[in-house]
Amino acid sequence: MSMRLIYVMDPMCSWCWGFAPVAAALIDQARDAGVATHVVPGGLRTGGSALDAATRKYILEHWQAVAQATGQPFRFDGAMPDGFVYDTEPACRALVAARTLDAERVWPLLALIQGGFYEQGLDVTTAPQLVDLAEQAGFDRSAFAEVFAHADTRVATAADFSWVQDLGIAGFPTLLAERNGQLALLTNGYQPLERLQPLLGRWLQQAACA
C-alpha cells in the first residue's frame, strides 16, 4: 500500500509561514507512523514587476494579520524594499532542486528560506542567496547551484505549478493525504494544530487498518 502526505505550499506565502510550526508537527506525526511527506511548491507569485507602494502596503497588512492569527514572527522594517520583485519561482525551484538531490534536506532548506525572508528580510528571490541557504542546510554548494540552474529543474518546477492548478487548489497551505493514488484533503488554508492532529491521526489509523 502506497501512502504519503503531500504538502502544497509556497516558501514566500505568508500563511504558509504562519502554518510552518503546524506543518512541522504534522510531518513528524506522519513520519512516526512510517508515512513520508512530499512537498509540492505551488507558485504563489511568478514573474511580475517591482512592487509599488500600494501593493507593498497591502502585503504588509496581510503579514500583520498572519502574525496576529498565528503568532509567527515577522520583520516589517525594511521588508520588500524599493525595487523588490515578489517572484516566488526561484524559491520554489530551490525546493525542487533540494528534493532532487536529497528529499530529507528539503525541510531544513524550507525553514531557512521562510525564516530568512520573513524574520531576517533576506531577498530569497536571488540565486546566490538561495545557494547560501542550501549550503547552510547541508547541500554541497556547487552541486546545488548546478541543479538549481538546470533546465530540467525549471521544467519540474513548472510541472509542479501546473499539477497544483490542474487539481484546482486555490490557496496555500494545502495538506493532502494520499493512499494508493486517492487524495483526501486535510486542510486548505491555515488551521491550528489541535484541529488537524486528530484528523491526521484518524487517517493514519484507518490507513493502517485498510
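Scroll up for the structure.
Residues numbered from 1 in each chain as written. Predicted model: local features only at pLDDT ≥ 70, side-chain atom pairs only at ≥ 80, totals over all residues. Heavy atoms only, no water.

**A few points about the overall build of the chain**
Next up, step 1: Across its full length, the chain holds eight helices and four strands.
Next up, step 2: Since a compact globule built from 210 residues should have a radius of gyration of about 17 Å, the 17 Å found for the chain is in line with a globular shape.
Next up, step 3: Here the C-alpha coordinates of the chain stretch approximately 55 × 40 × 30 Å along the principal axes.
Next up, step 4: Looking at the 210 residues of the chain, the share that counts as buried comes to 46%. (Helix = DSSP H or I, 4+ residues; strand = E, 2+ residues; numbered from the N terminus. Rg over C-alpha atoms; globule rule 2.2 N^0.38 Å. Buried < 20%, exposed > 50% of the residue type's maximum accessible area, 1.4 Å probe, protein only.)

**A look at unusual backbone geometry**
Trans peptide bonds make up most of the peptide bonds, and negative phi angles are found at most residues other than glycine.
Next up, step 1: Cis peptide bonds are those with omega within 30 degrees of zero, and the linkage from phenylalanine 172 to proline 173 qualifies with 0°.
Next up, step 2: Within the element layout of this structure, proline 173 appears in the loop between helix 7 (151–167) and strand 3 (174–179).
Next up, step 3: Positive phi outside glycine occurs at methionine 80, with the angle close to 50°.
Next up, step 4: Locating methionine 80 in the fold gives a position in the loop between helix 2 (53–70) and helix 3 (89–101).

**Thoughts on the pattern of salt bridges**
Next up, step 1: With the rule as written, the count across this model stands at nine salt bridges.
Next up, step 2: The shortest N-O distance in the salt bridge between arginine 31 and glutamate 104 comes to 3.9 Å. Taken together, the positions of arginine 31 in helix 1 (residues 14–32) and glutamate 104 in the loop between helix 3 and helix 4 (106–118) put the pair 73 residues apart, joining distant regions of the chain.
Next up, step 3: Given a relative accessible area of 39%, arginine 31 falls into the partly exposed group.
Next up, step 4: Salt bridges sharing partners connect three or more residues here, namely Asp28, Arg31 and Glu104. (Salt bridge = Lys/Arg side-chain N within 4 Å of Asp/Glu carboxyl O.)

**Remarks on the packing of helix 3 against helix 4**
Next up, step 1: Interhelical geometry of helix 3 versus helix 4 gives an angle of 160° and a closest axis separation of 9 Å. Taken together, the axes of helix 3 and helix 4 are roughly antiparallel relative to one another. Our pair here, helix 3 against helix 4, has a crossing hand that is right-handed. Along its contact with helix 3, which presents Ala91, Ala94, Leu95, Ala98 and Arg99, the element helix 4 presents Val106, Leu109, Leu110 and Ile113. (Axes fitted to C-alpha atoms, helices over the stretch in contact; angles between N-to-C directions. Parallel < 35°, antiparallel > 145°, perpendicular 65-115°, else oblique. Left-handed = near helix turned anticlockwise from the far one by under 90°. Contact = heavy atoms within 4.5 Å.)

**Points about the packing of aromatic side chains**
Next up, step 1: Going through the model one piece at a time under the given rule, you end up with 16 aromatic pairs.
Next up, step 2: Seen from their ring centres, phenylalanine 74 and phenylalanine 76 are 5.8 Å apart, and the 20° between their planes marks the pair as stacked.
Next up, step 3: Between the aromatic rings of phenylalanine 84 and tyrosine 86, the centroid separation amounts to 5.8 Å while the plane-to-plane angle is 65°, which identifies the pairing as edge-to-face.
Next up, step 4: By relative accessible area, phenylalanine 84 is classed as buried at 7%.
Next up, step 5: Each member of the aromatic cluster is reached from another via a ring pair, and the members are Trp17, Trp63, Phe74, Phe76, Phe84, Tyr86, Phe117 and Tyr118.
Next up, step 6: Residue placement shows arginine 45 over the ring face of tyrosine 86; its charged tip is 4.9 Å from the ring centre.
Next up, step 7: Positioned above the aromatic ring of phenylalanine 148 is the side chain of arginine 93, whose terminal nitrogen or guanidinium carbon lies 4.2 Å from the ring centre. (Phe/Tyr/Trp six-rings, centres within 6.5 Å; stacked < 30°, edge-to-face > 60°. Lys NZ or Arg CZ within 6 Å of the ring centre and 35° of its normal.)

**Examining the pairing of strand 4 (residues 182–188)**
Next up, step 1: When strand 3 meets strand 4, the two strands line up antiparallel, connected through six bridges. Within the sheet, the bridge partner assigned to threonine 174 lies in strand 4 and is asparagine 188.
Next up, step 2: Here strand 3 folds back onto strand 4, and the loop between the two strands holds two residues, one of which, asparagine 180, carries a positive phi near 50°. (Pairing = 2+ DSSP bridges.)

**Topic: the environment of threonine 153**
Next up, step 1: With respect to the helices and strands, threonine 153 occurs in helix 7.
Next up, step 2: When its relative accessible area of 5% is taken as the criterion, threonine 153 is described as buried.
Next up, step 3: For the pair threonine 153 and alanine 97, spaced 56 residues apart in sequence, the C-alpha to C-alpha distance is 6.3 Å.

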